[in-house]
Amino acid sequence: MSAETIAFIGGGNMASAIIGGLLRAGMKPAQFLIVEPYAPQREKLIGEFGVAALAAGDAGLAAAGTIVWAVKPQLFSAAAEPIKAWLGGALHLSVMAGIRSESIVAATGSERVVRSMPNTPALIGKGIAGLFARTAVSGEERATVERLLAPTGQTLWVEREDDLDAVTALSGSGPAYFFFFVEAMMAAAVDMGLTAEQGKRLALATCAGAAALGLGSDESPTTLRERVTSKGGTTHAAITSMQADGVDAAIQRAVLAAQKRAAELGREFG
Ligand SMILES: NC(=O)C1=CN([C@@H]2O[C@H](COP(=O)(O)OP(=O)(O)OC[C@H]3O[C@@H](n4cnc5c(N)ncnc54)[C@H](O)[C@@H]3O)[C@@H](O)[C@H]2O)C=CC1
Ligand SMILES: O=C(O)[C@@H]1CCC=N1
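Residues numbered from 1 in each chain as written. Chains lettered and ligands numbered in written order. Predicted model: local features only at pLDDT ≥ 70, side-chain atom pairs only at ≥ 80, totals over all residues. Heavy atoms only, no water.

Cross-referencing UniProt, the feature "domain: Pyrroline-5-carboxylate reductase dimerisation" (unreviewed entry) maps to residues 161-265 in the present numbering. Taken end to end, residues 161-265 comprises 82% helix and 0% strand; its first and last C-alpha atoms sit 14 Å apart. (UniProt positions renumbered as here; feature names shortened; annotations may be inferred. Helix = DSSP H or I, 4+ residues; strand = E, 2+ residues; numbered from the N terminus.)

What follows is the structure, given as structure tokens:
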């Protein structure tokens, strides 16, 4: 192992998305070391990526230049405690929701901490991750983090650490809001006599097309919505119904609930 080695603490969904992306971008399996206590998941990592995966961290971790924290926030303290002696020399990149950088400094002994909040489209290289760096992180280390996350999609730096709670609420959790919406569209499709499969295809293609239209346009989402909405037409009927049901306010409340929970996770678990 060398300073080029990237160690992952936790080898689940998010770690796999990043490792898979980096391997596709040309990194070698020998550059990775994963600590993953769950045997079936370890076997999956070894089989799928050819990387080294250990049940528990050991002194070999001290040689890793970068350590990526990808355990559930609730498990961070317990995961850090037994390996603390080997963490002080590394740049630390966390993908954990809520856990404050100060807690990561305390648990690892390294001031060089970047927190990120990715999302699951990272699995196909179409994610967007919010990033926050503590002042001890150099410009070169920021660039290292950007390179590490580049195969998972876009990155966006925020200046204030608290802003990551808002990023978590918008883009971290956001894919779930979208699928919740698609589930409701599919249920409506079935109500109208289509099959769930037809509903899924129509809903997903429509959402993907609308997102691509929005991304490629200088017009605001409001203008793009108004362009679909003929006076007295079908879209007008649907939007009027959603407004009467307070759907927009409900979505705002939901996002704020996620932001509040992100802040609570930090207070509860470090
Ligand atoms: N799933 C998502 O959409 C997103 C998740 N996150 C964050 O990413 C982190 C990981 O989430 P997922 O990958 O979805 O979870 P996951 O459950 O797929 O992966 C976590 C892994 O950590 C392992 N683990 C448990 N105890 C451990 C220990 N003591 N040492 C090392 N590994 C241990 C588990 O066996 C598991 O494989 C969480 O903190 C979450 O907040 C961030 C953005 C989006
Ligand atoms: O629900 C969660 O706590 C994590 C963070 C963002 C997406 N999933």
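Considering all chains together, one arrives at three aromatic pairs under this definition. Between F8 and F32, the aromatic rings sit 6.2 Å apart at their centres with planes inclined by 35 degrees, giving tilted as the arrangement. In this pair, F8 is assigned in strand β1 (residues 6-9) and F32 in strand β2 (residues 32-35), connecting sequence segments 24 residues apart. Accessibility expressed as a relative area gives 2% for F32, which makes it buried. Between W69 and F76, the aromatic rings sit 5.2 Å apart at their centres with planes inclined by 85 degrees, giving edge-to-face as the arrangement. (Phe/Tyr/Trp six-rings, centres within 6.5 Å; stacked < 30°, edge-to-face > 60°. Buried < 20%, exposed > 50% of the residue type's maximum accessible area, 1.4 Å probe, protein only.)

Next up on the list: the pairing of strand β5 (residues 91-94). Two faces make up the sheet, and in a regular strand the side chains alternate between them. The alternating pattern of β5 places L91 and L93 on one face and H92 and S94 on the opposite face, and all of these are buried. Pairing analysis gives four bridges linking strand β4 (residues 66-69) to β5, with the strands arranged parallel. Bridge pairing in β5 places V68 opposite L93. Handedness of the crossover joining β5 and strand β6 (residues 113-117) through helix α4 (residues 101-108): right-handed. (Pairing = 2+ DSSP bridges. Right-handed = clockwise from strand over helix to strand, strands pointing away.)

A separate point is the site of ligand 2. Around ligand 2, a shell composed of A97, G172 and S173 is seen. Notes on ligand 2: free accessible area 240 Å², of which the protein chains cover 48%. Of all the cavities here, the one that holds ligand 2 is the second largest pocket. (Near = heavy atom within 4 Å. Areas by Shrake-Rupley, 256 points an atom, 1.4 Å probe, with all protein chains shown as cover. 1 Å grid on protein atoms, 1.4 Å probe; cavity = no way out; pocket = protein on both sides within 12 Å on 5 of 7 lines; lining within 4 Å. Sits in = over half its atoms within 2 Å of the grid points.)

Glancing now at the site of ligand 1. The full set close to ligand 1 counts 22 residues, and N13, M14, E36, V71 and A97 are the nearest of them. Within the side chain of K72, a nitrogen or oxygen atom sits 3.3 Å from an oxygen atom of ligand 1. A97 places a main-chain nitrogen or oxygen 3.0 Å from an oxygen atom of ligand 1. The fraction of the free accessible surface of ligand 1 (830 Å²) that becomes covered by protein chains is 79%. A breakdown of the residues in the shell around ligand 1 according to their chemical character gives 15 nonpolar, five polar and two charged. (Polar contact = N/O pair within 3.5 Å; in protein donor to acceptor, adjacent residues only side chain to side chain. Nonpolar A, V, L, I, M, F, W, Y, C, P; charged D, E, K, R; others polar.)

Our next topic: the sheet that holds β6. Pairing is mixed in the open sheet, where eight strands are placed in the order β3-β2-β1-β4-β5-β6-β7-β8. For this open sheet the edge positions go to β3 (52-54) and β8 (153-157), each flanked by a neighbour on one side alone. With direction set aside, neighbouring strand axes in the sheet form an average angle of 25 degrees. Alignment of β1 against β4, held across four bridges, turns out to be parallel. From the neighbouring strand, A7 faces β4, where its bridge partner is I67. Relative to the sheet, α4 contacts β4, β5, β6 and β7 (127-133), its axis offset from that of β6 by approximately 130 degrees. (Axes fitted to C-alpha atoms, helices over the stretch in contact; angles between N-to-C directions. Contact = heavy atoms within 4.5 Å.)

We now examine the pattern of salt bridges. For the coordinates displayed, the defined rule picks out nine salt bridges. Salt-bridge contacts for R134 lead to E111; the nearest nitrogen and oxygen are separated by 3.1 Å. Taken together, the residues R134 in the loop between β7 and α5 (139-149) and E111 in the loop between α4 and β6 connect sequence positions 23 residues apart. We classify R134 as buried; its relative accessible area is 19%. Residue classification places E111 among the partly exposed residues on the basis of a relative accessible area of 38%. A salt bridge links E219 to R227; the shortest N-O distance between them is 2.8 Å. When salt bridges that share partners are traced, they join K260, R261, E264 and E268 into one network. (Salt bridge = Lys/Arg side-chain N within 4 Å of Asp/Glu carboxyl O.)

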